[in-house]
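Breakdown of the fold
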There are 2 protein chains.
Amino acid sequence: MATRDRRPQRRNQVLSREQIIDAAIGLLDSGGEGALTVRALSERLATGSGAIYYHVGNRDQLLDTATETVITSALETESSQAVATPEEEIRRVALALFDAIAEHHQWLATRLTLQIVRNPAGPVTVEIFERIGRQVGALGVPRASWFDATSTLVHYILGAVSQNARMDGDTSGIQPDMDREEFFDATSTAWQELDPENYPFMHAIVGQTKQHDDRDQFLTGIAIVLAGLTHLR
Amino acid sequence: MATRDRRPQRRNQVLSREQIIDAAIGLLDSGGEGALTVRALSERLATGSGAIYYHVGNRDQLLDTATETVITSALETESSQAVATPEEEIRRVALALFDAIAEHHQWLATRLTLQIVRNPAGPVTVEIFERIGRQVGALGVPRASWFDATSTLVHYILGAVSQNARMDGDTSGIQPDMDREEFFDATSTAWQELDPENYPFMHAIVGQTKQHDDRDQFLTGIAIVLAGLTHLR
DNA sequence: ACCTGAACACCGTTCAAGT
DNA sequence: ACCTGAACACCGTTCAAGT
């Protein structure tokens, strides 16, 4: 069937950029940034390390491309929904990012922040700003404040999302074997053991931290920022 | 003079934990996280690598300790001022963090976020939350919302501060030789070249980005979140 | 107790050589 | 054009040995 090749390429192309990116995302999801090794990647793809460099240039660029792939697709599936109020649309974009980072929690948050900082003209930054910025206009924020308002929203989203990404990089958080619940219990008991004279506030909130939901709290934060925006002069 | 030693220690102690931490901060400031190498550190201190591990345990722990040292001292000098309104006090804590990260821009932002995520019972997290949380109470936020309100503030601060930390890690942001101004110009021209049909918002804000001040924008963001908090049910 | 520095098991990246 | 894999210049960490 495929005996005669239509492309003028030499046809022994057997490794594609997409395959490399997919495999990289798999590695990242399974063990965080530290797990993405050129050696591990070339083993998984059954090639030499040179083949990866031929297609992809660089470990850092590979990380950026993986981030771009994941974020872009998260924003695309979000945009397929019917449009609602500006507030609702902002919530959707925010939650799309929140969920994407939860899904790829071991590496995405750090890399997303890095990409927005270093590459403000790249598709990731541009797409996020454009999506949120339009709604800020629709919200009634005066045009002169659009940039400030949108930046505030994006900054809040990134900060919240980074915080809810459980331990990046390595697992060396005192105990490597501790699930989410144990980790929370350990924190609240540690907070309870603080000197109540010097840390009255921490004592006051231990109860609230114990049974709070990250996603709900994230939405509360969005609501707070949105409320603040409506009072912008 | 110092012929008879008062300490029961063996007295050939010539390298201290503090020296190591100071040298580490120096290395980090000069070249970011990548510049903190056990080899570079031991060379600067004229010792072997083993000596560092004897005092400090680990590269990761050294990074954490450096972060703790810098953040703690930034918060201490801030607290020496006379108390003002709750809003003013929150602004001060926020700016103390903003300035600390600007001073150590190549590494601090990432490490601060990491520390708050992984070590919520550590001094850095506790101090920041306690400082801000108290003022949230004084602001009139209902007790049941203290945790949500404080988290929102902290998340915003961290997000904004991470964003304003210029390129972490390495300098590979397209061009290694580009100062702040060139970088900004390059972004705005890139934004101007975007398709106006699909990116009307980006076109609308190019003008504002060109002459905006990061610190001012940061304070505007704080004001927005504070305004939102006063409307918390 | 405190320090040395060689040794180990890894990295990312390059590049001559193959097809 | 696309791929191989040895080689290079680095890492963090350990550990026997010294004082």
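Keep in mind that this is a model prediction, so the values were computed, not measured.

1. Focus: a negative patch on the surface
Residues and elements named next belong to chain A. A grouping of Asp179, Glu181, Glu182 and Asp185 is seen on the molecular surface, where their side chains present a negatively charged patch. With respect to the secondary-structure elements, Asp179 resides in the loop between α8 (146-164) and α9 (180-192). With a relative accessible area of 45%, Asp179 lands in the partly exposed category.

2. Considering the relation of the copies chain B and chain A
Rotating chain B by 180° and moving it 0.0 Å along the rotation axis overlays it on chain A with an RMSD of 0.0 Å. What the rotation and shift describe, once combined, is the action of a two-fold rotation axis. Of the residues that chain B buries at the interface, 100% are likewise interface residues in chain A, meaning the two copies contact each other through the same surface.

3. What about the domain arrangement of chain A?
Residue and element names in this part refer to chain A. The domains assigned to chain A are domain 1 (14-57) and domain 2 (66-167 + 178-233). Together, the buried faces of domain 1 and domain 2 total about 670 Å²; carbon and sulfur atoms form 60% of this surface. It is Ile25, Asp29 and Glu33 in domain 1 that bury the most area against domain 2; as a group they hold 58% of the surface buried on that side. Here domain 1 and domain 2 share one salt bridge between them. With a shortest N-O distance of 3.4 Å, Glu33 and Arg111 are connected by a salt bridge.

4. Details of the packing of aromatic side chains
Following the criterion strictly, the structure yields eight aromatic pairs over all chains and no others. Residues Trp191 of chain A and Phe129 of chain B carry aromatic rings whose centres are separated by 6.5 Å and whose planes lie at 40° to one another, so their mutual orientation is tilted. Pair noted here: Trp191 of chain A is in helix α9 and Phe129 of chain B is in helix α7 (residues 123-138), and the two residues belong to different chains. When the ring of Tyr156 of chain B is compared with that of Phe218 of chain B, the centres are 6.0 Å apart and the planes differ by 15°; the resulting orientation is stacked. Of this pair, Tyr156 of chain B sits in helix α8 (residues 146-164) while Phe218 of chain B is found in helix α11 (residues 214-230), placing the two residues 62 residues apart along the sequence. Exposure class is identical for Tyr156 of chain B and Phe218 of chain B. Each is buried.

5. Here's the deal with the interface of chain B and chain A
Contacts between the two partners involve 64 residues from chain B, matched on the other side by 64 residues from chain A. Summed over both partners, the interface of chain B with chain A comes to about 5,500 Å²; 68% of that surface belongs to carbon and sulfur atoms. Interface area lost by chain B to chain A is led by Phe147, Gln163 and Phe201 of chain B, which between them contribute 13%. On the surface where chain B and chain A come into contact, there are zero salt bridges. Between the two partners, chain B and chain A, sit 21 residue pairs in polar contact (both at pLDDT 80 or more). Among the elements of the structure, α6 (108-118), α7, α8, α9 (180-192), α10 (200-210) and α11 of chain B are those that each provide at least two residues to the side of chain B that touches chain A. For the side of chain B that touches chain A, the residue count by class is 31 nonpolar, 23 polar and ten charged.

6. Some remarks on the nonpolar core
If you look at the biggest cluster of nonpolar residues, it comprises 136 residues, and the most contacted ones within it are Leu41, Ile128, Phe218 and Leu229 of chain A together with Leu41, Ile128 and Phe218 of chain B. Apart from the residues lying within four places of it in its own chain, the contact partners of Ile128 of chain A are Ile71, Leu75, Leu97, Leu112, Ile116 and Val154 of chain A.

7. With respect to the environment of Thr47 of chain B
All names here are of chain B. Topologically, Thr47 is positioned in the loop between α2 (38-44) and α3 (49-56). Looking at Thr47, the relative accessible area reads 30%, which means it is partly exposed. Separated by 77 residues in sequence, Thr47 and Val124 have C-alpha atoms that sit 30 Å apart. For Thr47, the contacting residues outside a window of four places in its chain are Leu15 and Ser42.

8. A look at the packing of helix α4 (residues 59-79) of chain B against α6 of chain B
Residue and element names in this part refer to chain B. It is at 10 Å that the axes of α4 and α6 come closest, and there the two elements cross at 100°. Judged on the interaxial angle alone, α6 and α4 are roughly perpendicular. Between α4 and α6, the residues in contact are Asp60, Leu63, Asp64, Thr67, Glu68, Val70 and Ile71 and Leu108, Arg111, Leu112, Gln115 and Arg118, respectively. In the contact of α4 with α6, the residues fall into five nonpolar, two polar and five charged.

The rules behind these values
Residues numbered from 1 in each chain as written. Chains lettered and ligands numbered in written order. Predicted model: local features only at pLDDT ≥ 70, side-chain atom pairs only at ≥ 80, totals over all residues. Heavy atoms only, no water. Patch = residues over 30% accessible without salt bridge, like charges linked within 9 Å, V, L, I, M, F, W, Y side chains within 5 Å. Areas by Shrake-Rupley, 256 points an atom, 1.4 Å probe, with all protein chains shown as cover. Salt bridge = Lys/Arg side-chain N within 4 Å of Asp/Glu carboxyl O. Lys, Arg positive; Asp, Glu negative; His and termini not counted. Charge placed at Lys NZ, Arg CZ, Asp CG, Glu CD. Helix = DSSP H or I, 4+ residues; strand = E, 2+ residues; numbered from the N terminus. Buried < 20%, exposed > 50% of the residue type's maximum accessible area, 1.4 Å probe, protein only. Least-squares fit on C-alpha atoms with pLDDT ≥ 70 in both. Contact = heavy atoms within 4.5 Å. Domains from an automatic or database assignment. Buried area = accessible area lost by both parts, 1.4 Å probe. Phe/Tyr/Trp six-rings, centres within 6.5 Å; stacked < 30°, edge-to-face > 60°. Polar contact = N/O pair within 3.5 Å; in protein donor to acceptor, adjacent residues only side chain to side chain. Nonpolar A, V, L, I, M, F, W, Y, C, P; charged D, E, K, R; others polar. Core = buried A, V, L, I, M, F, W, Y, C linked by side-chain atoms within 4.5 Å. Axes fitted to C-alpha atoms, helices over the stretch in contact; angles between N-to-C directions. Parallel < 35°, antiparallel > 145°, perpendicular 65-115°, else oblique.

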